[in-house]
Amino acid sequence: MAKPKVGYTRRSLLKTGGAALAASALPSPMLWAQDTKDIVLRQFGTGVSNLNDVANKVKEDLGFTLEMTALDSDSVTQRAATQPDSFDIADIEYWICKKVWPTGNLQAMDTSKIANYDKIVGIFRNGKLTPESEIAQGTAPHTVGFVDGPGGTSFADNETGWMTLIPTIYNADTLGIRPDLIGRPIESWTELLNPEFKGKASILDISSIGIMDMAMVCEAMGEIQYGDKGNMTREEIDKTMAIFTEAKRNGQFRAFWKTFDESVNLMASGEVVIQSMWSPAITAVKSRGIPCVYQPLKEGYRSWGGGIGLSSSLSGMELDAAYEYINWYLSGWVGGYLMRQGYYSAVPETSKNFMSENEWGYWFEGKEATDVITSPTGDTLAQAGETRDGGSFYDRMGAVACWNAVMDENQYMVRKWNEFIAA
Amino acid sequence: MQVKNRHIVGWLEAAPLAVVLLGFLIAPIVMIVIVSFWGATEFSIYPAFQFDNYEFLFGSPVTYRVFGATLKYAFITWALTLAIGFTVAYFLAFHVRSLTMQIALFLVCTIPFWTSNIIRMISWIPFLGRNGIANQTLISWGVIDEPLEWLLYSDFSVILAFVHLYTLFMVVPIFNTMMRIDKSLLEAARDNGASGFQTLVHVIIPLTKPGIMIGTIFVVTLVMGDFITVRFMSGSQRANVGRLISNDIGLLQYPSAAATAVVLLCTVLIVIAILLRFVNIRKEL
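How each quantity is defined
- Residues numbered from 1 in each chain as written.
- Chains lettered and ligands numbered in written order.
- Predicted model: local features only at pLDDT ≥ 70, side-chain atom pairs only at ≥ 80, totals over all residues.
- Helix = DSSP H or I, 4+ residues; strand = E, 2+ residues; numbered from the N terminus.
- Rg over C-alpha atoms; globule rule 2.2 N^0.38 Å.
- Buried ≥ 20, exposed ≤ 12 C-beta atoms within 10 Å, placed from the backbone.
- Contact = placed C-beta atoms within 7 Å.
- Nonpolar A, V, L, I, M, F, W, Y, C, P; charged D, E, K, R; others polar.
- pLDDT = per-residue confidence, 0-100.
- Pairing = 2+ DSSP bridges.
- Axes fitted to C-alpha atoms, helices over the stretch in contact; angles between N-to-C directions.
- Parallel < 35°, antiparallel > 145°, perpendicular 65-115°, else oblique.
- Left-handed = near helix turned anticlockwise from the far one by under 90°.
- Domains from an automatic or database assignment.

## Re the overall build of chain B
What chain B contains, in helices and strands, is 14 helices and two strands. Taken over the C-alpha trace, chain B has a radius of gyration of 24 Å; the compact-globule value for 285 residues is 19 Å, which it surpasses by more than 25%. For the C-alpha atoms alone, the extent of chain B along its principal axes is close to 85 × 70 × 30 Å. The proportion of buried residues among the 285 residues of chain B is 31%. Across chain B, contacts joining residues at least 24 apart in sequence account for 70% of those joining residues at least 6 apart.

## Some thoughts on the overall build of chain A
In terms of helices and strands, chain A carries 16 helices and 17 strands. Relative to the 2.2 N^0.38 estimate, which gives 22 Å for 423 residues, the radius of gyration of chain A is 22 Å and therefore close to what a compact globule would have. Looking at chain A as a whole, 48% of its 423 residues qualify as buried. Taking as baseline every contact in chain A between residues at least 6 positions apart, the subset at least 24 positions apart corresponds to 70%.

## Describing the interface of chain A and chain B
A common way to report how large an interface is uses the accessible area buried once the components associate. Contact with chain A, which involves 27 residues of that partner, is made by 24 residues of chain B. Going through the elements one at a time, α4 (73–82), α5 (94–100), β10 (253–257) and α16 (410–422) of chain A are the ones with two or more residues in the side of chain A that touches chain B. By residue number, the principal contributor to the side of chain A that touches chain B is α16 of chain A, which donates eight residues. The class makeup of the residues in the side of chain A that touches chain B is 10 nonpolar, 10 polar and seven charged.

## Comments concerning the confidence of the model for chain A
Residues with a pLDDT of 70 or more make up 91% of chain A, whose mean pLDDT is 86. In this model, residues 1–31 of chain A is a region of pLDDT below 50 whose contacts with residues beyond four sequence positions or in other chains number 17 contacts.

## Thoughts on the sheet that holds strand β8 (residues 175–177) of chain A
Residues and elements named next belong to chain A. Pairing within the open sheet is mixed, and its five strands lie in the order β10-β9-β11-β8-β12. Strand pairing shows two members of the sheet lacking a second neighbour, β10 and β12 (293–295), which therefore form its edges. Adjacent strand axes in the sheet meet at a mean angle of 25° when their direction is disregarded. Sheet analysis places strand β9 (residues 201–204) next to β10, joined by four bridges and oriented parallel. Bridge pairing in β10 links Leu204 to Trp257.

## Considering the packing of helix α8 (residues 155–179) of chain B against helix α10 (residues 196–225) of chain B
Residues and elements named next belong to chain B. Interaxial distance between α8 and α10 falls to 7 Å at its minimum, and their mutual angle equals 160°. It follows from the interaxial angle that α8 and α10 lie roughly antiparallel. Helix-helix and strand crossings are classified by hand; for α8 and α10 the assignment is right-handed. Note on element contacts: α10 touches α8 through Thr208, Pro210, Gly211, Ile212, Ile214, Gly215, Phe218, Val219, Leu222 and Val223, opposite Phe162, Tyr166, Phe169, Met170, Pro173, Ile174, Asn176, Thr177 and Met178. Grouping the constituent residues of the contact of α8 with α10 by class yields 14 nonpolar, five polar and no charged.

## Quick word on the confidence of the model for chain B
For chain B, per-residue confidence averages 89 on the pLDDT scale, and residues scoring 70 or more make up 97% of the total. With a pTM of 0.79, the predicted complex shows an ipTM of 0.77.

## A few points about unusual backbone geometry
Residue and element names in this part refer to chain B. Phi at Tyr153 takes a positive value of approximately 55°, unusual for a residue other than glycine. Structurally, Tyr153 can be placed in the loop between α7 (133–141) and α8. Classification of Tyr153 by C-beta neighbours within 10 Å gives buried; the count is 28. The phi dihedral of Ser236 is positive, around 65°, even though this residue is not glycine.

## Remarks on the environment of Val400 of chain A
All names here are of chain A. Along the chain, Val400 falls in strand β17 (residues 400–403). For the pair Val400 and Ser287, spaced 113 residues apart in sequence, the C-alpha separation works out to 27 Å. Those residues in contact with Val400 that sit more than four places away from it in its chain are Ala136, Ala172, Gly300, Tyr301 and Ser303.

## Concerning the domain arrangement of chain A
All names here are of chain A. Here the domain parsing of chain A yields domain 1 (39–169 + 307–353) and domain 2 (175–299 + 392–422). Placing the centre of domain 1 and that of domain 2 at their C-alpha centroids yields a distance of 26 Å. Elements with a contribution of two residues or more to the side of domain 1 that touches domain 2: α4 and α5. In terms of residue count, α5 provides more of the side of domain 1 that touches domain 2 than any other element does, three residues in total. The residue inventory of the side of domain 1 that touches domain 2, partitioned by class, reads nine nonpolar, eight polar and five charged.

## Quick notes on the environment of Gly227 of chain A
All names here are of chain A. Structurally, Gly227 can be placed in the loop between α7 (207–221) and α8 (234–249). Using a count of 10 C-beta atoms within 10 Å as the deciding quantity, one classes Gly227 as exposed. Between the C-alpha atom of Gly227 and that of Lys298, which follows or precedes it by 71 residues, the distance is 20 Å.

## Details of the packing of helix α12 (residues 241–250) of chain B against helix α13 (residues 254–278) of chain B
Residue and element names in this part refer to chain B. The contact between α12 and α13 brings their axes to 8 Å, and the two run at 160°. Taken together, the axis directions place α12 and α13 in an arrangement best described as roughly antiparallel. Pair α12 / α13 crosses with left-handed handedness. Facing α12, whose interface residues are Val241, Leu244, Ile245, Asp248 and Ile249, α13 presents Tyr254, Ser256, Ala257, Thr260, Ala261 and Leu264. Along the lines of polarity and charge, the residues of the contact of α12 with α13 split into eight nonpolar, two polar and one charged.

## Observations regarding the environment of Leu297 of chain A
Secondary-structure assignment places Leu297 of chain A in the loop between β12 and β13 (301–311). As a C-alpha pair, Leu297 of chain A and Phe197 of chain A span 100 residues in sequence and 17 Å in three-dimensional space.

## Looking at α4 of chain A
Every α-helical turn comprises 3.6 residues, leaving residues that sit three or four positions apart pointing alike. Taken together, the buried positions of α4 of chain A are Ser73, Val76, Thr77, Gln78, Arg79 and Ala80 of chain A. Where the residues of α4 of chain A are buried, they touch β1 (40–46), β2 (65–71), β3 (89–93) and α5 of chain A.

## Observations regarding the pairing of β9 of chain A
Successive residues of a regular strand alternate their side chains across the two faces of the sheet. All names here are of chain A. Residues Ala201 and Ile203 point to one face of β9 and Ser202 and Leu204 to the other, with burial holding for every one of them. The sheet contact formed by β9 and strand β11 (residues 274–276) spans two bridges and is parallel. Its bridge partner being in β11, Ala201 is matched across the sheet by Ile274.

Spelled out as structure tokens, the structure:
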């Protein structure tokens, strides 16, 4: 059987194939296996979790092909919203989900088909990491994690059994610093606008995330008291932008970055000594032998979470394959892989089986490494005796001050952001 | 009958180009103009006839500043590429005597174009950086004590990259017109007692004007339409109109991007119209 490349052709072929199978009284397992082999699922998302190693492992464990495309957050949103036929699986962040769900391009998932659903961390189910936790501001994942039914268009506020995204990966973000070039302790978000770092600071040029970093700074400076950082009023947006525009005109920023690699280069080359950064970017700088710290700050972290959503056009055998993929995703191998890069898995306990005791202790429990810690690709990240910046899972995820968000005034914010970049 | 046939044949001959232009030039522009009046929600655009996009565009001081910056980049880049391009073309056309040598040297000029635009641009970044080669060299020579901050992520680096990228677009048309200047005119000038400088000003420059104009149009339109060079070389710190448009597109604000594009298109057309007042290119082609 030839493998057609065009989605429609493939689908219609598979549909007829599936119907033929259902019609026969005793479908032969051989036939089924052959068809699985021909399934191609097209996944796209941000670079963080679109890893070729995952696609290879899927081929090995599940038999079908996963095609990966990595894009930046804006492009991901754009594609999920405007080109529903260009993907089968969308690997997106929760705030993107809030934006994209109303387009109807994604379908809700039946949690009863998810084997490890009960083991998923509370953050993604009722919003609480531990029963005592307070829910942070912003687009907390559980607020956009459920809908009322398979065709639901509005988000539900409890666990309905129909999930929008199956959580896969998340982390708590903070500022990255070059301790060797700063030479003193950094404790607060306010340092980003400290004139001491004039021309040596950077912030990311992705509006939905950048505005949150800005808000953390403005709030820490005591300049603005936000009602909800994740859902600002126009006035709050104006004030925030005014503070940062002034800093920009005064030459506070060396550059703005949009992609992961840019942030790594800015930091590694010493162009920038303090900036918004993502955890694996810190890892990448460190693996070049350059000191770099993911500095925990007293005001807390800005957190984000991603998950996989299914295209509404998935059906039949491909939908089954997608569920199989999701179950596999949560079964531990990927989780272990991601956690060894510094992210967290939605089902940490299954990931534990795929990590050594030393790795689990270092990455999850915040303990001293007992041996060298290496990344999944083999780079040395830490020596024995070192601990993770920020400590254990509960220390870090417990200190989240806000989640990446899209606000009601998003369009206004976007225009203001555009002005800020052009200012 | 004969005449009528010729008429039809003429139309048929013009048809392929007309169809291509209609389908790939006129139609997209018309579409952009239409969309510029539409409205946008966060994730979709809807047909409407409203002036919101233009209102926001003309109502924001940032727009004027950005258009100013775009014209500034275009003007400075034009002046520099013209000076360099004219000199290079002059050297190639009048100082190098053998045709083989001229062709060889001309090909040398094109060597940088064997790599991609983006690579040529990005390779400046490690060179100009705070700890880059330029700063390290200057410090080791004792010219400066502190690294120069303005070398990278500044107007300087943006214009440097523009000049580097686009000078050849000036060299080629100027060289081309210079090669077609009748050498006997230069001899006549010399025979009549003109100095080298007088020959340049009164003979060569006037005869090279069409080439200069074509090069100017290339450079001005390229610089005014660019967004990626400004983004990379300024580390997103500076903006031109292209970046406004690309930001809008990235944020799914297509109608607003379309409105900006329409205004930019008009600006560029006005600039070219003004340029064409000076020289009649068609006469010279």
